[in-house]
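# Topology and contacts: notes
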Amino acid sequence: MNTRRTGALVALAALLFTSACGGAEGAADNADGTTKVSVTTFGCEIWNTWAIGKGVYGKHRLDVELVRSGGGSAAVAAVLSGAADFGYVNGYTAINAYNTGFPIQMVSGVNVNALPPAKPAQGVFVGKDSPIKAAADLAGKKIAVNEINGINQIVTASWLKANGVAPESVSFVALPFAEQVPAVLSGRVDAAQLGYSLLGNNNDKVRSLADPFASSDKIYIATYVAAKSFVGKGDAAKRFHEAITETAQQLSDPANTDEAFRLLSECQKVPAETLAAQPQNALEADVDVAALDRMAQQMVDLKMLPKKPDLGPFVTDFARS
Amino acid sequence: MSGQGLGRPVVTSALAVGRGVRSLWLLALLLVVWEVAARMVGSLFVPPVSQIFGAFVDTWLSASPSSLFLSSQFRADVLPSLVRLGLGYGAATVLGVGLGILIGVWRPAGAFFNPLIRLGMSVPVTALLPIAIVLFGITSGMNVFLIALGCLWPILINTYDGVRGIDRTVVTAARSLRLTRRRYFLRVLLPGASPAIFAGMRISIGIALVLMVISELYAATAGLGFYIVSQQRLFQFPQLWSAIVLLALLGILFNAVFALVERVLLRWHRNVRPDSAESH
């Protein structure tokens, strides 16, 4: 009996150590001089399909392996455990993780919100015949977002606050993007915050009250973070940022637009014309620390952070704008 | 003589403490190992036990007697969960015991419902979550439905088995005594099936807790599951662990209360009495 208990104790202790330990390992160099790095992904990102398809990563001596992650917090866990070298997270999640004390650094920006005069890429959608006409009508209502305390909730809450609605008066409900519009149409939620590109065939059944992302300053919708130890070990993180920078420049060239959507279409299995017709977020590889600071302040205003952290050491020198 | 009389309770208490120490030393040692390991490794995902307990006190308790020493967070997230659990479990008990007795007593009903019961048991209740949202909307009704459905089958099957398993000699004796239906139900059937009914209800408590959390991880606006997801997104891992500790304590509490009720109501049943079990 005692032997069994001791065995159980040893097994539990080992499990605890295994789960608590881990850590970022250095990137492995291949025989051809490239560095093998793993990058988390949510699916098909236009910069990844382009950089892989056009050999931009290879040009910067990176052999990129994409690793699927379920969300920002999973991506942070992946880079800290060494399961991935670069984690794809939104700016708020990155700030939150850094503020909590996780040893990570931002190595690149990639996606920022589309600000006017660009076409709105996001919306707070209600049913076409809904009596909700403005932000003020959302007080006391249910709004669907893809994850609780995620970027969509933060931006929507800030937009509500800017329009005189206390975010606490609204119930945010986590629903997968695919279920949000049906939930709005069936009345299970009053509104949903998502991108136009996710409306599917429901474009004419809903209308947007506003693009909460466009009502704000610059927001880093997508960034890459890496473990601090990984950044300090070599120049793979710097080369990754350079690759993203070059990719963003090439994608911004109108001459490459058709080809970019063709590559994305192969990944997403959606016609290139459909993808091209959807409003896109802007691409920005360099990180504007002042913009990150404003995002941190938004989180403080929404009581998600007790105080604004010093983001200076968080952003690597090579990634700063 | 009087000295012996005083000494006996002391010895009994000492033995009880000894038993408690024997059964808890592994847990205590594990917590110490956890504390030391977490401090050595410094992982923010698995914080030291002391930090988790600190977060537990800060998050779930308060110094105010008027709120029964429970925090506003407890009232906001734990009470809704407990209400859903109570309603779902209660509905499952009423339906499960009622239907279980019906199909146990009335053989044609048993044969008729058997395929339906087998089908219901085979479907993982969590797979019905999207359907439950469509049927009940984003309301507590969805959580209650899932909890009730998940708890129904073990209670129903155990009740059925309990009714079918009543000693035939007892049934024959009851018939020869020409008991009225009411007396037969209250004096023979219900007591005879109750050990099995309680076994099903006890299994269902654990299922109810699991389903309560799972159904709140998704499409909820309050609850313990909602709180856990929310803290995970905010990287507040001590708070997240504190919710897990609270769930464990709730599970222990429910089981303890259930064991007590079972001991009182089934005291006639020798197998549920630990002293009689030991004496065998």
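Residues numbered from 1 in each chain as written. Chains lettered and ligands numbered in written order. Predicted model: local features only at pLDDT ≥ 70, side-chain atom pairs only at ≥ 80, totals over all residues.

### Topic: the overall build of chain A
Each helix and strand counted, chain A has 12 helices and 12 strands in total. Over its C-alpha atoms chain A spans a radius of gyration of 21 Å, differing by no more than 12% from the 20 Å that the globule rule assigns to 321 residues. Expressed as lengths along the three principal axes of its C-alpha atoms, the size of chain A is roughly 65 × 65 × 40 Å. Out of the 321 residues in chain A, the part that is buried amounts to 46%. Expressed as a percentage of contacts within chain A between residues at least 6 apart in sequence, the contacts between residues at least 24 apart total 79%. (Helix = DSSP H or I, 4+ residues; strand = E, 2+ residues; numbered from the N terminus. Rg over C-alpha atoms; globule rule 2.2 N^0.38 Å. Buried ≥ 20, exposed ≤ 12 C-beta atoms within 10 Å, placed from the backbone. Contact = placed C-beta atoms within 7 Å.)

### Here we look at the interface of chain B and chain A
Taken residue by residue, the interface counts 24 residues in chain B and 29 residues in chain A. Secondary structure elements with two or more residues in the side of chain B that touches chain A: α1 (2-41) and α9 (224-233) of chain B. Considering every element that reaches the side of chain B that touches chain A, the biggest residue donor is α1 of chain B, with 8 residues. The residue inventory of the side of chain B that touches chain A, partitioned by class, reads 18 nonpolar, 5 polar and 1 charged. (Nonpolar A, V, L, I, M, F, W, Y, C, P; charged D, E, K, R; others polar.)

### Digging into the sheet that holds strand β6 (residues 122-127) of chain A
All names here are of chain A. Taking strand neighbours across the sheet as the criterion, the 5 strands line up as β8-β7-β9-β6-β10 in an open arrangement whose pairing is mixed. The open sheet terminates on both sides in strands that have one partner only, identified here as β8 (171-174) and β10 (206-208). Direction aside, neighbouring strands of the sheet carry axes that sit 35 degrees apart on average. Two strands pair when backbone bridges link them, and strand β7 (residues 142-145) and strand β9 (residues 191-195) are joined in this way by 2 bridges, in the parallel orientation. Its bridge partner lying in β9, I143 is registered against A191. Packed onto the sheet, helix α7 (residues 177-185) meets β6, β7, β9 and β10 and runs at close to 145 degrees relative to β9. (Pairing = 2+ DSSP bridges. Axes fitted to C-alpha atoms, helices over the stretch in contact; angles between N-to-C directions.)

### Digging into helix α4 (residues 107-122) of chain B
Helix length check: α4 of chain B, at 16 residues, gives a terminal C-alpha distance of 22 Å against a target of 22 Å (1.5 Å per residue), a fit within 8%. Burial analysis of α4 of chain B places just 0 of its 16 residues in the buried class, which makes it a mostly uncovered element. (Expected span 1.5 Å × (residues − 1).)

### Topic: the domain arrangement of chain B
Residues and elements named next belong to chain B. Taken domain by domain, chain B comprises domain 1 (2-60) and domain 2 (74-279). Using only C-alpha atoms to locate each centre, domain 1 and domain 2 end up separated by 30 Å. On the domain 2 side, the residues contacting the 9 residues of domain 1 number 8 residues. Grouping the amino acids of the side of domain 1 that touches domain 2 by side-chain chemistry returns 7 nonpolar, 2 polar and no charged. (Domains from an automatic or database assignment.)

### Some details on the environment of N143 of chain B
Residues and elements named next belong to chain B. Looking at the element boundaries, N143 is found in helix α6 (residues 140-164). For N143, a count of 30 C-beta atoms within 10 Å translates into the label buried. Between the alpha carbons of N143 and S71 there is a distance of 23 Å; along the sequence they are 72 residues apart. Apart from the residues within four sequence positions on either side, N143 is in contact with R84, M212, S215 and E216.

### As for the UniProt feature "transmembrane region" (unreviewed entry) in chain B
All names here are of chain B. UniProt records the feature "transmembrane region" (unreviewed entry) for residues 20-37, 44-63, 83-104, 116-138, 144-163, 207-228 and 240-261 in the present numbering. Taken end to end, residues 20-37 is 100% helix and 0% strand, and its two terminal C-alpha atoms sit 26 Å from one another. For residues 207-228, the end-to-end C-alpha separation is 18 Å, with 68% helix and 0% strand making up the annotated structure. (UniProt positions renumbered as here; feature names shortened; annotations may be inferred.)

### Considering the confidence of the model for chain A
The predicted model of chain A has a mean per-residue pLDDT of 89, with 91% of residues at 70 or higher. Low pLDDT, under 50, characterises residues 15-22 of chain A; the predicted model gives this stretch 14 contacts beyond four residues in sequence or across chains. (pLDDT = per-residue confidence, 0-100.)

### What about the domain arrangement of chain A?
Residues and elements named next belong to chain A. When cut into domains, chain A gives domain 1 (23-113 + 219-319) and domain 2 (122-208). On a C-alpha basis, the centroid separation for the pair domain 1 and domain 2 is 27 Å. The partner domain 2 presents 10 residues to the 11 residues of domain 1 that form the contact. Residues of the side of domain 1 that touches domain 2, tallied by class, amount to 7 nonpolar, 4 polar and no charged.

### Regarding the UniProt feature "domain: ABC transmembrane type-1" (unreviewed entry) in chain B
Residues annotated in UniProt with the feature "domain: ABC transmembrane type-1" (unreviewed entry) correspond here to residues 78-262 of chain B. Taken end to end, residues 78-262 of chain B comprises 85% helix and 0% strand; its first and last C-alpha atoms sit 26 Å apart.

### Re the nonpolar core
With 154 residues, the main nonpolar core has V76, V79, V107, A192, V225 and A226 of chain A together with I147 of chain B as its most contacted residues. Leaving out residues up to four positions away in the same chain, V225 of chain A has contacts with V76, V79, G87, V89, A94, I104, Q105, M106 and V107 of chain A. (Core = buried A, V, L, I, M, F, W, Y, C linked by C-beta atoms within 7 Å.)

### A word on the confidence of the model for chain B
Residues and elements named next belong to chain B. Summing up the model confidence of chain B, the mean pLDDT is 88 and the portion of residues at 70 or higher is 94%. By mean pLDDT, helix α11 (residues 274-279) is the weakest element of chain B at 47, and helix α2 (residues 49-60) is the strongest at 96. A low-confidence stretch, residues 276-280 (pLDDT under 50), is modelled with 2 contacts involving residues beyond four sequence positions or located in other chains. Confidence metrics for the complex model read pTM 0.80 and ipTM 0.75.

### Some words on the environment of D286 of chain A
Residue and element names in this part refer to chain A. Here D286 shows up in the loop between β12 (282-283) and α12 (289-301). Residue D286 is classed as partly exposed on the basis of its C-beta count, with 15 C-beta atoms lying within 10 Å. Sequence spacing of D286 and S265 is 21 residues, and the spatial spacing of their C-alpha atoms is 26 Å. In contact with D286, not counting residues within four places along its chain, are G109, A319, R320 and S321.

### Some points on the packing of helix α3 (residues 72-105) of chain B against helix α8 (residues 181-216) of chain B
When two helices pack together, their arrangement is captured by the angle between the axes and the distance separating the axes. All names here are of chain B. Direction vectors running N to C along α3 and α8 enclose 140 degrees, while the axes themselves pass 10 Å from each other. Viewed along their axes, α3 and α8 adopt a mutual orientation that is oblique. When you trace α3 past α8, the crossing you get is right-handed. Only I197, G200, M201, S204, A208, L209, M212 and E216 of α8 make contact with α3, whose side of the interface consists of S81, R84, L85, G88, Y89, A92, T93, G96 and V97. Of the residues that constitute the contact of α3 with α8, the class distribution is 9 nonpolar, 6 polar and 2 charged. (Parallel < 35°, antiparallel > 145°, perpendicular 65-115°, else oblique. Left-handed = near helix turned anticlockwise from the far one by under 90°.)

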